[in-house]
Each structure stands twice: as structure tokens, then as C-alpha cells.
Amino acid sequence: MRIGILWLGVAVALAGGCTDDAPAGDDDDLPTDDDAADDDTADDDTADDDTADDDTADDDTADDDTADDDAADDDAADDDTADDDTAPPDDDTAPPDDDTADDDTAPPDDDTADDDTDPPPPTSCVSRPPPVHDPLSTPVIHLHGWILDGAGAEEAYGHDTGGGPHADGVRLYTGFPNGTVDPYAPNQVVGSHYYGTLPPEWYTADDAAEVEALSGIPRYALIVAKQARNLLGRVPTATGIAFTCESMGCEVMRYLLENDVDGLVSDGLPTRWVTYAGVVAGAAMAEPGYLLAEYADLIGLDLVDVDHMSYDWYESNVAACDHVRTEGNNPAFGGMVVHHVVADRPTFEDAFGLPLLDLVNPESWPNDGILFSDDQWFHAMAPDARLPTPSGELLASSRSYAWTDHFATRDSDGAHAAGAAALVGSRRFTVVLESIELLDDRERDDALDLEETGEPPAEVVVETEVRWPWLGEVFGRDPVVDVRRMSHRVVPVYAMEEGATLSPGEAIVDGPVFDEMTSIRLALKALEADWYATHDVFENLFDADESLGEGTLDLPIADGTVTVELERARLTLSTRVRALY
């Protein structure tokens, strides 16, 4: 029965609202700088964040700098760099984890997806006019995540809420107003509550009947789309609408976009999309092998949400254009700024500190305890699904990493800063690891060398931690905005001989920045790995890595090249800033 009983216990532990939802009615006011964007208390809305638990705001602080986020780095830039302007691979199976070719770490796709005995599902590729990028005239709606008993809740749906900690974070770092307080502001930030049986008073009989005819993700997407239409209807000066989401709310959002629910996309209205630990490519825990569905009904849950998060349902219904769940190839995304905040801490306190997915994760894939990290971002995007820049370059989605569990992105100051920058920034800043020169491999030279363990070639990894000094100057905060570490399982491995030079060409920092920023602070650490299970390195469990040197530098947000001299390695970085529109 694998871990079915464990999942049942976890569901019971989380059932009080500790899931990633933002309950209705949480009309939080704009938090002060010090009460922090992550203040989950303000809005009940988060009993859910109940989770605050753990990693908590801490995540963005020093802790995350802890072995954290190893890094997506790698894959990070991959997609967004010009090279992936070519057509994406048509393999819709395992998500292409880290860009390294030998990486076999991607979570397995559901084998049912490629069952060629069934007729292929119809495609729904949406053409759209380019969006208007004006943050000051673009309202923002935040979508909460899965509530265990939400599908059958007898409550009101489709109304504006405070939105919870993620919405608080956006309001803190942008200065935008709370739409429940200022409902006519063209740049307001609100939340959406898509669960319930009671329609808002402004619904017509036809609206209510249309919603009642649906269930699960299609129902929730229609509720959100109608809420967006209602909001835009009362703010005639609005030029578009942006969305943020967490967990299952991101599946709702992707379904809305790819299926052009209520014509929002074909009218060119969605402009930006930020995901926090999002179900961007389905959820392994909803697969039959994890037995969540088999046990959820024992505590009275409506199983529609679980069914709709499965890889098979996701491919058939959510990835509507080409049914490749790990890629964003629908022209519906064209012209949008898309940024993913990926969570990768596999343990969280509200589940007794258990590494949930790691109990059935022999390959040691990165995960946040609930979702595999590789299911939280687009691994590729087709050219017409990208953002065309004024220079003519086509940019795919970007991503940053937060050392938090699945729920605690709500309490991550760094995650909120990255998300807010993606909603208002007009520039994208990328740092590429152009070359590594290995001066000392830290491997055993011969049988008499007792100081080192492991055999050549060296397995080199480069860890990164990013802070934005501007946040300290303006807000008195110094969160880690992006962190990628070997212990977080997200940084790639480069096999190298001593004295050799390798050219990875990997983006180690990539994403929108605030227009007022002039620099970032980048901490680098190069290691020789002796135990890195995610990448099949098994040389010394008791001494997992050897330092090749570390350093911290302030990089101006400008095009350039810099050489970083470490104790045993020399790194060359290139920096590039691009106007998004």
C-alpha cells in the first residue's frame, strides 16, 4: 500500500486548513513594512498558511541561504535564453529536469499519458492580441490553493478577498492598494475564493447556471474568469489583468489561460502570471501509486480536485494546446511575463517534520514535501508562447528558488519580492556561468593520497545565493531572493579534469527586477561533490563535498563580463539586462 496510510495521516493533520488555501472573507489591510509581507495572521485567510510553520519567513532570511536552493539555476536560464527559441521537444513524458543531459532526476510521468489505445484529446491553441504592460493600470488577482474539504464547501464563491500573505507581499513591495478597501483602484490587489456553492449577488441566473454545470478545475477557472470580468467592469481605466497563484490555484490559472475561459485570453487581457510552489505540470501525489485518492474519501473529501491534479487529467485537459504538461507551448501565453517561484525544501513541521515525498523518492528528486520541484515550472516554451522583447528576442518564463516547503512560500519575504518584481518590473536580469577553470580537483591523486576521497574526474557544482540591496535601502529588509544549493538538489554537476576549462553557458540568476534597482548581491560557492544522489555521485557519504572556494560580489544591472577568482577555481560570468516591453 506504499504510503497511502501516511498520506491519510498527513491529510488529517492538514485538514484544519493547513493546506494552501486562502479562505474567503480575509480582507487584509496593507501590512506595514515591519509586519512583513508574510504576515499570515492578518488574514485568516490563512489558516492555511497554517503552515507558516516551518521554514517560515525564515526561509528568505539566513536560513535559506542554508544549504538551500541548489538550484534550478541550471535549468533556469535554459528555457528563457535565446537558444530555446527553437521548437520544444515533443516529449511529454518526464519533465526535463536540470538541463544537464545526464540528469535522470525528473519525476516520472504518468505512464497512462502515453497510452496510444485512446484517441488523442482535442487541442485548444489560443491566439491572442499582445497584452498592454502598464502595471499602474493592471489589477492583480491571487488564487489560493487546494483546501481539503473545499470542493464541497457550502459557502460563497467568486467574490474579492484580501488574498492572504502572497497578496500582502505584492502590496508591500509595490505599494498597490487592497481592492477590498479601494475597489475602484486600477492597480488594486485582491484574492479570489473559487470554492463554494453560493454565487455572488452580481451573478445573473445564466452565470450561476453556467458555473453549476461544471465541477473541479473547469468550475473554479470559470469562477475566477467571471470575477476578473466583474473587476475590470468596475475599473474602466484598467488595461489588462495580472494573476498570482499558489499550489493548485496555479492549475486553475493555467486551465483558464490555455482554454480561454470566458474569452479573457482572446481579448488580450492577461498580462503577467506569477506562480508560487504551483501545480504548473500536475502533482505526483494525485497519481494512483500514491494512494491519496483511495484514502481521501475516508475523511469525507470530494475527490474531484485530486483527480484533476493527476498527470493524465492534466495532460488531457489543462495543457490544452499540445498536451505536454511540462511545457508552456500555447500561444495563449504569448506576450505575457511569466515567473515561477519554485519551492524545494522537502520537510515541513506541520507534518511532523516528515520528508513526505522523499519516502517514495529513491531518485532523490528535488521537492517541497508535496510537489516535485520540476512540476512547478515550464521546462520549455514554443516561440509563439514567449514574450517578444523590443530587441526581437523571445523570452520564455523565468524562475527563482525559495528554500521553503510547499506551504511556507506564503511566509517567504524573498519569494514575495521576486513575485512583486515580476508584476511591475520592466527589465529582466540574467547572470550566465560562461566558464569554469578547475585549478585543483580535490580528488585523490594516487593510492598514497589520504587527504582526499573520490577519483577523477571531479564533480563540480556552483551554488548561488541572491540578495537585492535595494530592498534594504527602501524597506529595511534583506531577504534571500533566490538560492540554489547542492543540498537542495537543484544545481547541476559538471564533470571536469584538473586544469581543464568547461563552458556551461548556464543561467545561474534569471528573472525580472524592480525598475529602481541598480545591482544585485551574488554569493558564489564552488564545490567538488563526493555524494550527490540526485546526480548519481556516490563517493563519500560522510564527506559529501570539498570546497573549491567562495566569494560575494555586487553585480551592476548592466551588460558585462566578470572573472571571479576562487581558491581552487576560476569562474567567468556574463551579465545581461533586457527590456521586457
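Parameters and conventions
Residues numbered from 1 in each chain as written. Predicted model: local features only at pLDDT ≥ 70, side-chain atom pairs only at ≥ 80, totals over all residues. Heavy atoms only, no water. Helix = DSSP H or I, 4+ residues; strand = E, 2+ residues; numbered from the N terminus. Expected span 1.5 Å × (residues − 1). Buried < 20%, exposed > 50% of the residue type's maximum accessible area, 1.4 Å probe, protein only. Pairing = 2+ DSSP bridges. Contact = heavy atoms within 4.5 Å. Axes fitted to C-alpha atoms, helices over the stretch in contact; angles between N-to-C directions. Disulfide = S-S within 2.5 Å. Patch = residues over 30% accessible without salt bridge, like charges linked within 9 Å, V, L, I, M, F, W, Y side chains within 5 Å. Areas by Shrake-Rupley, 256 points an atom, 1.4 Å probe, with all protein chains shown as cover. Salt bridge = Lys/Arg side-chain N within 4 Å of Asp/Glu carboxyl O.

Trainee: Got a minute to help me understand helix 5 (residues 216–234) in this structure?
Mentor: In an α-helix, one full turn covers 3.6 residues, which means residues spaced three or four apart are oriented alike. For helix 5, with 19 residues, the first-to-last C-alpha span of 28 Å sits near the 27 Å given by 1.5 Å per residue. Most of helix 5 sits out of view: 15 of its 19 residues are buried.

Trainee: Would you mind going over the sheet that holds strand 3 (residues 189–192) with me for this structure?
Mentor: Across a sheet, paired strands are connected by hydrogen bonds in the backbone, their directions being either parallel or antiparallel. Reading across the sheet, the seven strands line up as 2-3-1-4-5-6-9 and stay open at both edges, with mixed pairing between neighbours. The open sheet has two free edges, formed respectively by strand 2 (160–161) and strand 9 (398–402), since each of these has just one partner strand. With five bridges connecting them, strand 4 (residues 241–246) and strand 5 (residues 270–276) associate as parallel partners. By the bridge assignment, Thr244 is partnered in strand 5 with Val274. Relative to the sheet, helix 5 contacts strand 1 (140–143), strand 2, strand 3 and strand 4, its axis offset from that of strand 3 by approximately 150°.

Trainee: I would appreciate a short explanation of the state of the cysteines in the present structure.
Mentor: What is meant by a disulfide is a covalent connection between two cysteines, made through their sulfur atoms. One pass over the structure, following the stated rule, counts two disulfides. The side chain of Cys125 participates in a disulfide bridge whose partner is Cys321; the two sulfur atoms lie 1.9 Å from each other. The sign of the 95° torsion about the S-S bond sets the Cys125-Cys321 disulfide as right-handed. In this pair, Cys125 sits in the loop between helix 2 (73–80) and strand 1 while Cys321 sits in the loop between helix 9 (311–318) and strand 6 (337–343), placing the two residues 196 residues apart along the sequence. For Cys125, a relative accessible area of 44% corresponds to the partly exposed category. Owing to a relative accessible area of 8%, Cys321 belongs among the buried residues under this scheme. Each disulfide pairs two cysteine sulfurs, and for Cys245 the partner residue is Cys250, the sulfurs being separated by 2.2 Å.

Trainee: Please clarify how a nonpolar patch on the surface should be interpreted in this entry.
Mentor: A surface patch of nonpolar side chains, about 490 Å² in accessible area, is lined by Trp531, Phe538, Leu541 and Phe542. Assignment of secondary structure puts Phe542 in the loop between strand 18 (537–538) and strand 19 (545–556). The class of Phe542 is exposed, set by a relative accessible area of 80%.

Trainee: Just to check I follow, could you spell out the pattern of salt bridges for this structure?
Mentor: Taken as a whole and judged by the stated rule, the model has 27 salt bridges. Asp510 is the partner of Arg428 in a salt bridge, and the nearest nitrogen-oxygen pair spans 2.9 Å. Of this pair, Arg428 sits in strand 10 (residues 427–438) while Asp510 sits in strand 15 (residues 506–513), and the two are 82 residues apart along the sequence. Given the relative accessible area of 4%, Asp510 is considered buried. The salt bridge partner of Asp510 is Arg578, with a shortest N-O separation of 3.9 Å. Taken as a pair, Asp510 in strand 15 and Arg578 in strand 21 (residues 569–579) lie far apart in primary sequence, 68 residues in all. Members of the salt-bridge network, linked through shared partners, are Glu393, Arg428, Asp510, Arg576 and Arg578.

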